[in-house]
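Okay, here's what each chain looks like letter by letter:
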Amino acid sequence: MSAQKSYNLQDSGVLRFPEGFVWGAATAAYQIEGAARDDGRGPSIWDTFSRTPGKVHAGHTGDVACDHYHRYPEDVRIMGDLGLHAYRFSISWPRIQPDGAGPANPRGLDFYDRLVDELQGGGITPIVTLYHWDLPQTLEDRGGWTNRETAERFAEYAAIMYSRLGDRVETWTTLNEPWCSAFLGYASGIHAPGRTEPEVSFAAAHHLLLGHGLAVQALRAAGASQIGITLNLAPVLSDDAEAASIVDGLQNRIFLDPVLRGEYPADVVERAGRFTDWSFVKDGDLEIISQPIDLLGVNYYNPQTVTGRAGEPANPVYPGSEGVAFPGADAPKTAMGWPVQPFGLTDLLVRLSHDYPGTPLIITENGAAFDDVVEDGQVHDVGRLSYLDGHLRAAHAAIEAGVDLRGYLVWSLLDNFEWAEGYRKRFGVVHVDYNTQRRTPKDSALWYREVVRRNGL
Ligand SMILES: N#[N+]C[C@@H]1[C@@H](O)[C@H](O)[C@@H](O)[C@@H]2O[C@H]12
């Protein structure tokens, strides 16, 4: 790294995090790897979706992204320079099984072998996400997550990955944000596979959860000891209790309850009844889905602000949310237009520890997009630094309130392919010049390095 200004946090008033608190960063395969056709990788639904005109900003694709597939040694060095304890990354399923089934592609496995060894060489703990949205296209051609068989293929893939990396990877999360996969992918269509069929989105959600449960069984049988799932969760702010409950059910409880309580919330089942008879739920499914897990990954960005409004049509990402309006929040916004409300993180974590006790939590994603500019080799991303500072203080407040929070992984290590936004939204603490692939740690990275070093603010 070039000479950068350093951040010396003042000693006075430092907020210390618990001893052993895990500090890290997160990414996802399709967003950073590139090498979309290298070494036997098959197409995913995001390769297809990003090539569909009008779906992704300016027709951007993950073909090259941050070229992490080739540049991972440099990226691991940057992680080491920042003093990160852990690195959360996802495995590209189509790199391992190009058609989503059958024997593993040895060159795909070899890449993750090399990456894990590079991380271990740098003293960085790998945290693996098995599915971060890049479903093999062949499986989507057979119905994707609306097809129950996809859940079975996912468990087979999980077993393959554990057999290759289980000797060096301790922490495994099955799914990243199944809410996005189901309701952005199959209901609203703003994510891959781009289907606008709310009536099948609940089956997709169920089969994702079934895949989670079957994968937990497979990983546990193979000897895995730290298994979890990552959910995007949002506290719901409202002057209308009914409206708040509807969105809390469709966003949060529809996943938290089956995984941690072994049942779907009755109000959600009823509300979704206009779309489905839930016959896709078979005997024994919920016992599989609620296999005990060791860790709940929490992705938090902002609360949802809602109100009741007669006649309001359903929000496409929340099938069944008729009568609920989303007026937005009176708060500063990020470049995504998302409100900056750190208190929501404290509220969420305290709620989780109260309503779903006994499962340790880890913040698997938190971060912000801002319009960054490189000036003389530096990026003075004050907005992002302030966002992160506020949210770390919110996380600390939750710990003070008794929440068993084990770690914080900033989203994201690198600027990357931001799904339908393409490359125009930058979440990284490290800037990526996509023309040259030059990495430049932003001021937020240098600040974060100090937070990690001091284990506090
Ligand atoms: N959008 N946005 C930023 C970020 C996205 O880049 C991640 O892939 C998702 O897990 C989650 O949505 C959060």
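Residues numbered from 1 in each chain as written. Predicted model: local features only at pLDDT ≥ 70, side-chain atom pairs only at ≥ 80, totals over all residues. Heavy atoms only, no water.

### Comments concerning the environment of G223
This is how it is decided: Helix and strand definitions here come from DSSP, where helices need a minimum of 4 consecutive H or I residues and strands a minimum of 2 consecutive E residues; each element is numbered from the N-terminal end. Here the term buried applies to any residue with accessible area under 20% of the maximum for its type, exposed to any over 50%, and partly exposed to those in between, with areas from a 1.4 Å probe on protein chains only.
For G223, the position within the fold is in the loop between α9 (198-222) and β5 (226-232). On the basis of relative accessible area, G223 is assigned to the partly exposed category, the value being 46%.

### Topic: empty space enclosed by the protein
As a reminder of what qualifies: In this analysis, the protein atoms alone were mapped onto a 1 Å grid. Cavities are point sets where a 1.4 Å probe fits without being able to get out; pockets are open sets with protein on both sides within 12 Å along at least five of seven lines; lining residues have an atom within 4 Å of a point. Grid points are joined across faces, edges and corners, and a volume is the space filled by probe spheres set on the points. Gly is put with the polar residues, along with every residue not named as nonpolar or charged; the nonpolar set is Ala, Val, Leu, Ile, Met, Phe, Trp, Tyr, Cys and Pro, and the charged set is Asp, Glu, Lys and Arg.
Tallied over the entire structure, the rule returns 3 cavities of 30 Å³ or more. Taken as a whole, the largest cavity encloses approximately 60 Å³ of empty space. Tallied by class, residues from the lining of the largest cavity come to 8 nonpolar, 3 polar and no charged.

### A few points about the UniProt feature "active site" (unreviewed entry) in the chain
Formally: UniProt positions are given in the numbering used here, feature names are shortened, and annotations may be inferred rather than shown by experiment.
UniProt annotation of "active site" (unreviewed entry) refers to E177 and E365 when read in the numbering used here. In summary, the annotated positions, though distributed over 189 residues, converge in three dimensions, the widest C-alpha pair being only 10.5 Å. Taken from the residues named earlier, the lining of the largest pocket is made up of E177 and E365. Within the element layout of this structure, E177 appears in the loop between β4 (171-176) and α8 (178-184).

### Topic: helix α14 (residues 382-400)
Note the following rule: One less than the number of residues in a helix, times 1.5 Å, gives the span that helix is expected to have.
Helix length check: α14 (19 residues) gives 27 Å between terminal C-alpha atoms against 27 Å at 1.5 Å per residue, within 8%. Positive phi shows up at G402, right after α14, with a value of about 105°.

### Focus on the nonpolar core
As a reminder of what qualifies: Residues grouped as a nonpolar core are buried Ala, Val, Leu, Ile, Met, Phe, Trp, Tyr and Cys residues, joined through side-chain atoms within 4.5 Å. The contact criterion used throughout is that any non-hydrogen atoms of two residues lie within 4.5 Å.
Counting residues in each nonpolar core, the largest one holds 146 residues, and the members touching the most others are W46, M161 and W172. Here this core takes 10 residues from α9, the largest share from any one element. Excluding residues within four positions of it along the chain, M161 makes contact with I91, I96, L109, L130, G166 and W172. Core analysis: the second largest hydrophobic core is formed by 5 residues, A155, L210, L214 and I288 among them.

### Thoughts on the layout of surface pockets
Put simply, the largest pocket is a space of about 1000 Å³. When residues in the lining of the largest pocket are grouped by element, the largest group, 3 residues, is from α8. Residue classes in the lining of the largest pocket are distributed as 22 nonpolar, 14 polar and 5 charged. By volume, the second largest pocket is sized at about 230 Å³. Surrounding the second largest pocket, V22, H85, A86, T125, I127, E170, T171, Q226, L295, I362 and R406 form its lining. Tallied by class, residues from the lining of the second largest pocket come to 5 nonpolar, 4 polar and 2 charged.

### A short note on the packing of helix α3 (residues 68-81) against helix α5 (residues 106-121)
Any two packed helices are characterised by how steeply their axes cross, that is the angle between the axes, and by the distance between the axes. Our working definition: Here the axes come from fitting lines to C-alpha atoms, over the contacting stretch only for helices, and the angles between their N-to-C directions go from 0 to 180 degrees. Just so you know how the angles are binned, under 35 degrees is roughly parallel, over 145 roughly antiparallel, 65 to 115 roughly perpendicular, and the rest oblique. Each crossing gets its handedness from the near helix: less than a right angle anticlockwise from the far helix is left-handed, clockwise is right-handed.
Put simply, α3 and α5 touch, their axes get as near as 10 Å, and they point 15° apart. Taken together, the axis directions place α3 and α5 in an arrangement best described as roughly parallel. Crossing handedness for the pair α3 and α5: right-handed. In contact with H68, Y69, Y72, P73, V76 and M79 of α3, α5 contributes R107, F111, R114, L115, E118 and L119. Here the contact of α3 with α5 is built from residues that sort into 8 nonpolar, 1 polar and 3 charged.

### Regarding the site of the ligand
Counted only if it meets this: If even one non-hydrogen atom of a residue comes within 4 Å of a molecule or strand, that residue is called near it. In this description, a molecule resides in a pocket or cavity if more than half of its atoms sit within 2 Å of the grid points defining it.
If you check the shell around the ligand, you find 14 residues, and the closest are Q31, H132, E365, E418 and W419. When each cavity is represented as a set of grid points, the ligand is found to reside in the largest pocket. Its residues assigned to classes, the shell around the ligand shows 7 nonpolar, 4 polar and 3 charged.

### Considerations on unusual backbone geometry
Omega for the bond connecting A192 with P193 falls within 30 degrees of zero, at 10°, which places this linkage in the cis form. Along the chain, P193 falls in the loop between α8 and α9. Following W411, the chain continues to S412 via a peptide bond in cis, the omega torsion being 10°. Residues other than glycine seldom take positive phi values, yet A65 does so here, at roughly 50°. Examined against the element boundaries, A65 turns out to sit in the loop between α2 (45-50) and α3.

### Quick word on the sheet that holds β4
Selection criterion: Strand pairing is assigned whenever DSSP identifies at least 2 bridges connecting the two strands.
Around the barrel, 8 strands lie side by side as β1-β2-β3-β4-β5-β7-β10-β11; this closed barrel has parallel pairing. Strand after strand, the sheet turns through a mean of 25° between neighbouring axes, direction not considered. As paired elements, strand β10 (residues 361-365) and strand β11 (residues 405-411) share 2 bridges and run parallel to each other. Bridging from a neighbouring strand, L361 pairs with L405 of β11.

### Examining α9
With 25 residues, α9 ought to run about 36 Å at 1.5 Å a step, and its terminal C-alpha atoms sit 36 Å apart, in line with that. Across the 25 residues that make up α9, a large majority, 18, are buried. Following α9 by one or two positions, G223 has its phi on the positive side, about 115°.

### Side note on the confidence of the model for the chain
Atom-level detail of predicted coordinates should not be read off regions where pLDDT is low. The condition is simple: Here pLDDT means the predictor's own confidence in every residue, given as a number from 0 to 100.
Scored by pLDDT, the chain has a mean of 96; 97% of the residues are at 70 or more. Counting interchain partners and residues more than four positions distant, the pLDDT-below-50 stretch residues 1-6 has 14 contacts. The ipTM value of the predicted complex is 0.99, and its pTM value is 0.97.

### Structural notes on the UniProt feature "binding site: substrate" (unreviewed entry) in the chain
Residues given the UniProt feature "binding site: substrate" (unreviewed entry) here are Q31, H132, N176, Y301, W411, E418 and W419. Lining the largest pocket, from the residues just named, are Q31, H132, N176, Y301, W411, E418 and W419. Looking at the secondary structure, you find Q31 in helix α1 (residues 29-32). On the basis of relative accessible area, Q31 is assigned to the buried category, the value being 0%. With residues up to four places along the chain from it excluded, the contact list for Q31 reads A65, C66, H132, W411, N416, F417, E418 and W419. Relative to the helices and strands, W419 resides in the loop between β11 and β12 (430-433).

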